[in-house]
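# Coordinate inspection notes
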Amino acid sequence: MKQKAYDGYTSFSYLAEGAHYQNVPLSSQEAAPESYVFDLTGKQEAQVQRIFDEHIMVSMRDHGFIMPARREDIDPYCRDGYTAFAYEGLAKSGLDVVFDNFMDGIMNITSKAGLKWDDVIYNLGLRYCDIARQDTAIIAGTLTDIHKAHKGGKVAIVPCLEAATAIENEIDRVDILYGLGIRCMGMTYNEANTIGTGLAEERDGGLTKFGKRVIKRMNQLGMAIDISHCGDVTSMDVIETSEKPVLITHAGARALWNTPRMKSDEVLKACAAKGGIIGILAAPNTTLTKEHPGHSLDSVMAHFEYIRELVGIDHVGFGPDTFYGDHVALQHAVDQRLSIGDSHSGEKFNEAPFVLGVENPTEAMPNIVKWLVQHGYSNKDIAKAAGGNVMQALQKIWIR
C-alpha cells in the first residue's frame, strides 16, 4: 500500500501542551485491533497495490480528527478547539484526497449548541494554522491542487462544512466561506435551518427562498453542494434547483435500512440523473442491513452494491465518515444537540461498538478496495468508485 511522507509532526506541537492547549490522552492512529479478514491471492494483492499506485483515491467524507481516549474529555476537548489531527494516520491510509469538515458540527468553541459562525471561523483558523506547520497534508481548493498533491506524495484536504447553518440569512457568507477555502457545503444537518429541512424533522418544508439563493451563489462560485443530511423534499428541491451536479457525500440506501439517515431510491436516482455522486457511509449504526445486523464492511458494501445497481457504477463513491477513536461515544455525547438518535430511528438494532473493517481512515479505503477486488470488480470500476467519479463531477462543479 502506498504511503505518504510523514515528517513526524503532531498537532500544535509548536505550543506548550497543558499551558496553551489541553493535555488529554488521545486515541490511536493505527488500524483497528480487530481486523476484517481477507483471503486474497498473490495476484489479487498485486491488483490492490496497482489500483492504489495508478489512481487518485478519494474519500468523499472522512476526518483527520483524533478523539480523546476518555469519554469524559470529549466536551471540554471540543470546546477548547485545539484538537489533534491524524497526519500519521492519513499518511498510511492510501488516500490522496479527503473531504473533511474538521468536525464543524461539534466544535462548539464559542457557543453551547455549535454550528455558529464564530465556531466555524475559529475552527477553520486553528486547523489551517496547524496544517501550515507540517508537510504531509495540504489544503486543496482546485483540481490543480489535487493533482499537484498527488504528484508530490501529499494528502489533499478539501475543506467542507457539514451544514450551511452558520451562514444564517447572510448570503455574502457563502462568498466568505469560499474565500476561506470551503469547497463543499451541506445544506442542512439533521435539523432545519434557513436553507431547508434536515432529515430528523417530522415535516419537510423543502428548500426555502433563501435556500434557492444560496444554491445559486454556490453554483456561481463553484462550491459543491452536499445533501447528505437533508430531508427528502429538501433533497429533491436542491437537486432540481442546482444547475450543477449535487453530491451525497456520505449516506446509504433506505431500501436496505429504513431510517431517515438513509436516502430513498427517488433521491438517489435524481442525484445520479443530475450527474451527482453518492458516497457510501460507514459511521457506526447507519449502513446496517437485515442480513448484516452487526455493522461491518459487509453491510457497508451491501449498500454500495444496491446503489450501484440502482444508479450505475459512474455515480457511486465512498464517504465512510470515519475518524480516530470511539465514534459511538461521540454520537452519544452530541446526540441531544445534533439529533443523532433521531436520524437512526425507524429500525430496531443492537448498537455496534464499532464498524468491523471500516473503523478509521487508516483501514477504510484499503479494506474497501480489497473487498472490491475479492468480489471480482474490474480495475476500471474500482478506480471509478474509489475516486474517479468524484473527480469527474468536480470538473463540472468547481470553477477550476
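Here is what the cut-offs are and how they apply
- Residues numbered from 1 in each chain as written.
- Predicted model: local features only at pLDDT ≥ 70, side-chain atom pairs only at ≥ 80, totals over all residues.
- Heavy atoms only, no water.
- Helix = DSSP H or I, 4+ residues; strand = E, 2+ residues; numbered from the N terminus.
- Rg over C-alpha atoms; globule rule 2.2 N^0.38 Å.
- Buried < 20%, exposed > 50% of the residue type's maximum accessible area, 1.4 Å probe, protein only.
- Contact = heavy atoms within 4.5 Å.
- Areas by Shrake-Rupley, 256 points an atom, 1.4 Å probe, with all protein chains shown as cover.
- Lys, Arg positive; Asp, Glu negative; His and termini not counted.
- Charge placed at Lys NZ, Arg CZ, Asp CG, Glu CD.
- Disulfide = S-S within 2.5 Å.
- Pairing = 2+ DSSP bridges.
- Right-handed = clockwise from strand over helix to strand, strands pointing away.
- Axes fitted to C-alpha atoms, helices over the stretch in contact; angles between N-to-C directions.

When its secondary structure is counted, the protein chain shows 14 helices and 9 strands. Here the C-alpha radius of gyration of the protein chain, 19 Å, is about what a compact globule of 400 residues would show, namely 21 Å. Across its three principal directions, the C-alpha atoms of the protein chain cover 55 × 55 × 45 Å. The 400 residues of the protein chain split such that 60% are buried. Looking at the protein chain alone, contacts between residues at least 24 apart form 75% of all its contacts between residues at least 6 apart. For the protein chain, the computed accessible surface area is about 15,300 Å², with 48% contributed by carbon and sulfur atoms. On the protein chain, the mean spot of the 39 positive side-chain charges and the mean spot of the 52 negative ones are 6 Å from each other.

Right, let's get into the state of the cysteines. Put plainly, a disulfide is one covalent bond tying together the sulfur atoms of two cysteines. Inspection of every chain in the model, using the stated rule, returns 0 disulfides. No disulfide involves Cys230; its sulfur sits 11 Å from the nearest other cysteine sulfur, which is in Cys271.

Both faces of the sheet carry side chains from a regular strand, because those side chains alternate between them. Sheet topology places strand 7 (residues 248-251) next to strand 8 (residues 278-280); 2 bridges connect them, and they run parallel. If you follow Ile248 over to strand 8, its bridge partner there is Ile278. The parallel pair strand 7 and strand 8, bridged by helix 9 (residues 265-273), forms a crossover whose chirality is right-handed.

Looking now at the environment of Arg400. Its location among the elements puts Arg400 in the segment after helix 14 (379-397). Residue classification places Arg400 among the exposed positions, given a relative accessible area of 64%. Between the alpha carbons of Arg400 and Thr144 there is a distance of 7.6 Å; along the sequence they are 256 residues apart. Those residues in contact with Arg400, other than ones at most four positions away along the chain, are Thr142 and Leu143.

With that out of the way, let us pick up the sheet that holds strand 9 (residues 316-318). Strand order in this open sheet of 3 strands is 7-8-9, and the pairing throughout is parallel. Bordering the open sheet on either side are strand 7 and strand 9, each of which pairs with just one other strand. Looking at each pair of strands side by side, their axes are set apart by 35 degrees on average, direction ignored.

Taken by themselves, the reported measurements are silent on function.
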